[in-house]
Amino acid sequence: MKSTILRAMTRDGSARILVVNSKEMVNSVVSSHHTSPTGTAALGRLVTAASMIGTMLPENKDTVTITFAGDGPAGKLIAVADYFGNVKGYIQNPIVDVPKKSNGKLDVGAAVGAGTLSFVKQVGEVEPQIGMTEITSGEIAEDIASYFANSEQVPTLLSLGVLVDTDYSCLAAGGVLVQLLPFPDNATVDLIERNAADLVNISRYFERGLTNEQIADIALRDVPYDIFDTLEVEYKCDCSRKRMYEKMRSLGQKELKNLLNEQEAEGKPRELTAICRFCNTEYTFTEKELID
């Protein structure tokens, strides 16, 4: 099954809203990276946000890469999304384990720590657009909203949530993103800000079975809006044997020979294995394939 994104806009043109039920996407994170509950919550929130942000890119070959480079035990977190909302993610320490908060919730902020948040947008054929800011909380949603407000001057409301079941699978996950458009109506802005308080525990709405449209109704209560489409999105890695082969060859013949010699010295076959960090697929290449 795929995850779904609803995209809509207020009738007065003040704001756009995206709602995603990302349970299937986050379960793919668990399957690919064998994450701990905290790792699932951290990377799950990031890929959920990246998927929505990807669908706001202008052209169908565009991508956005969001990186949290914090000093916490989770290490680096990366999500890459395309124009269609498909996304892949990476967490440096997937089994990160930190004490829960006093309220019993997973402490993603402590796992991520302090550091930098960066956005790299590959739009069209021009040089990538790069933006960077400090991590404010490590809780993912607050940081990304702060990035949009400070680096792109786009006021943004972002709520993300991931519930992890007792078997470490994802029980529920999703997100809501509301962005103000140029020259918004002040009354509409006031209503959106008022409704933000109802989005604090967003994952509970998905756990209860609310649809994307029902959640949009909560976020835009008393604000007329129109839905313009619903997208199917998924956790999707675009790695391939060919692409990995090209990366291996880029190391150069000298380095490849050294690595093969090390394999032989350890009593292993003269072959090298590359592992995709986004889906953990292994690609093994023989000496004959690598050396001219």
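This text follows the structure it describes.
Numbering of residues starts from 1 in each chain and follows the order in which that chain's sequence is written. The model is predicted, so local features are restricted to residues of pLDDT at least 70 and side-chain atom pairs to those at 80 or more, both for listing and for counting; the totals for chains, interfaces and linings are taken over all residues. Values reported for side chains reflect all heavy atoms of the structure, with hydrogen atoms and water molecules removed beforehand.

This part covers the packing of helix α1 (residues 23-33) against helix α2 (residues 37-54). Whenever a helix is involved, its axis is fitted only over the stretch in contact; in every case the axis is a line through C-alpha atoms, and angles between N-to-C directions fall within 0 to 180 degrees. A helix here means a DSSP run of H or I that spans at least four residues, while a strand means a run of E at least two residues long, and both kinds are numbered starting from the N terminus. Running from N to C, α1 and α2 point in directions that differ by 130 degrees, and their axes come no closer than 9 Å. Compared by their axis directions, α1 and α2 come out oblique. Of the two elements, α1 crosses α2, and the hand of that crossing is right-handed. Side by side, α1 and α2 meet where M25, V26, V29, V30 and H33 of the first sit next to T40, L43, G44, V47, T48 and S51 of the second. An angle below 35 degrees is treated as roughly parallel, one above 145 as roughly antiparallel, one from 65 to 115 as roughly perpendicular, and anything else as oblique. In this scheme the handedness of a crossing depends on how the near helix is turned from the far one: anticlockwise by less than a right angle means left-handed, clockwise means right-handed. Only heavy atoms matter for contacts: two residues are in contact if any of them lie within 4.5 Å across the pair.

Looking now at the pattern of salt bridges. In a structure, side chains of opposite charge can pair up when their charged atoms sit close to one another. Counted as salt bridges are all cases of a side-chain nitrogen of Lys or Arg within 4 Å of a carboxyl oxygen of Asp or Glu. Here the structure, examined in full by the defined rule, presents 16 salt bridges. Salt-bridge contacts for K2 lead to E234; the nearest nitrogen and oxygen are separated by 3.8 Å. With K2 in the segment before β1 (3-10) and E234 in the loop between β10 (225-233) and α8 (241-249), the pair connects residues that are 232 residues apart, well separated along the chain. Judged by its relative accessible area of 41%, K2 falls in the partly exposed class. A residue is classified by how much of its surface remains accessible, and E234, at 24% relative accessible area, is partly exposed. A salt bridge links D238 to R243, with the nearest nitrogen and oxygen atoms 3.3 Å apart. Residue burial is assigned from relative accessible area. The probe radius is 1.4 Å, only protein chains are included, and a residue is buried under 20% of its type maximum, exposed over 50%, and partly exposed in between.

Between any two strands, at least two bridges found by DSSP are needed for them to pair. In spatial order, the strands read β5-β4-β3-β6-β7; together these 5 strands make up an open sheet with antiparallel pairing. The sheet is open, and its two edges are formed by β5 (87-91) and β7 (129-134), each paired on a single side. Within the sheet, the average angular offset between the axes of one strand and its neighbour, ignoring direction, is 10 degrees. With 7 bridges joining them, strand β3 (residues 63-70) and strand β4 (residues 76-82) adopt antiparallel strand pairing. When the bridges of β4 are listed, I66 appears paired with A79. Docked against the sheet, α2 engages β3, β4, β5 and β6 (115-122), running at close to 30 degrees with respect to β4. Packed on one face of the sheet, helix α4 (residues 141-151) meets β3, β6 and β7 and runs near 65 degrees to β6.

This part is about a negative patch on the surface. Patch membership requires more than 30% relative accessible area and the absence of a salt bridge. Residues of like charge join within 9 Å; the nonpolar side chains Val, Leu, Ile, Met, Phe, Trp and Tyr join within 5 Å. All accessibility values rest on the Shrake-Rupley procedure with a 1.4 Å probe; residue burial counts only the protein chains present in the view. Only four residue types enter the charge count: Lys and Arg as positive, Asp and Glu as negative, with His and the chain ends excluded. Note on charges: their place is set at NZ of Lys, CZ of Arg, CG of Asp or CD of Glu. A cluster of acidic residues, D12, D185, D190 and E193, forms a negative patch at the surface. Mapped onto the elements, D12 comes out in the loop between β1 and β2 (15-21).

Here the focus is the layout of surface pockets. Volume-wise, the largest pocket comes out at about 800 Å³. In this analysis, the protein atoms alone were mapped onto a 1 Å grid. Cavities are point sets where a 1.4 Å probe fits without being able to get out; pockets are open sets with protein on both sides within 12 Å along at least five of seven lines; lining residues have an atom within 4 Å of a point. Along the wall of the largest pocket there are 31 residues; nearest its centre are R45, K105, V162, N201 and S203. Elements with a contribution of two residues or more to the lining of the largest pocket: α2, α4, β8 (156-164) and α6 (202-207). No other element matches the 8 residues that β8 contributes to the lining of the largest pocket. When residues are grouped by polarity, Ala, Val, Leu, Ile, Met, Phe, Trp, Tyr, Cys and Pro land in nonpolar, Asp, Glu, Lys and Arg in charged, and all others, Gly among them, in polar. Partitioned by chemical class, the residues of the lining of the largest pocket number 16 nonpolar, 7 polar and 8 charged. Grid points are joined across faces, edges and corners, and a volume is the space filled by probe spheres set on the points. The computed volume of the second largest pocket comes to approximately 210 Å³. Considering the residues around the second largest pocket, the lining is formed by K88, D238, C239, R243, M244, K247, I275, C276, R277 and F278. It is α8 that provides the largest number of residues to the lining of the second largest pocket, a total of 3 residues.

Quick look at the sheet that holds β2 now. Hydrogen bonds along the backbone pair up the strands of a sheet, which may run parallel or antiparallel. Taken in spatial order, the 5 strands line up as β8-β9-β2-β1-β10 in an open sheet, and their pairing is antiparallel. Taken across any chain shown, the strands that pair with only one partner, and hence form the sheet edges, are β8 and β10. Between one strand axis and the next, the sheet turns through 10 degrees on average, direction left out of account. Here 7 bridges tie β2 to strand β9 (residues 170-180), and the two strands are oriented antiparallel to one another. Looking at β9, one finds that R16 is bridged to Q179. Relative to β8, α4 is tilted by about 160 degrees, and along the sheet it contacts β8 and β9.

Moving on, we come to the packing of aromatic side chains. By convention, a stacked pair of Phe, Tyr or Trp rings (six-membered ring in the case of Trp) has centres within 6.5 Å and planes under 30 degrees apart, an edge-to-face pair has planes over 60 apart, and any other such pair is tilted. Tallying each qualifying case throughout the model produces 5 aromatic pairs. Relative to F148, the ring of F119 has its centre 5.6 Å away and its plane inclined at 70 degrees; by these criteria the two rings are edge-to-face. Of this pair, F119 sits in strand β6 while F148 is found in helix α4, placing the two residues 29 residues apart along the sequence. Aromatic pair Y147 and F148: ring centres 5.8 Å apart, planes at 70 degrees, arrangement edge-to-face. Given the relative accessible area of 3%, Y147 is considered buried.

Take the nonpolar core next. In plain words, nonpolar cores are sets of buried Ala, Val, Leu, Ile, Met, Phe, Trp, Tyr and Cys residues tied together by side-chain atoms within 4.5 Å. Judged by nonpolar contacts, the single largest core of 63 residues is most densely connected at L46, I53, I66, F68, F119, I144 and L158. If you tally residues by element for this core, the top one is α2, at 9 residues. Apart from the residues lying within four places of it in its own chain, the contact partners of I53 are V64, I66, F119, I144, F148 and L177. With 24 residues, the next largest nonpolar core counts A15, I218, A219 and Y225 among its residues.

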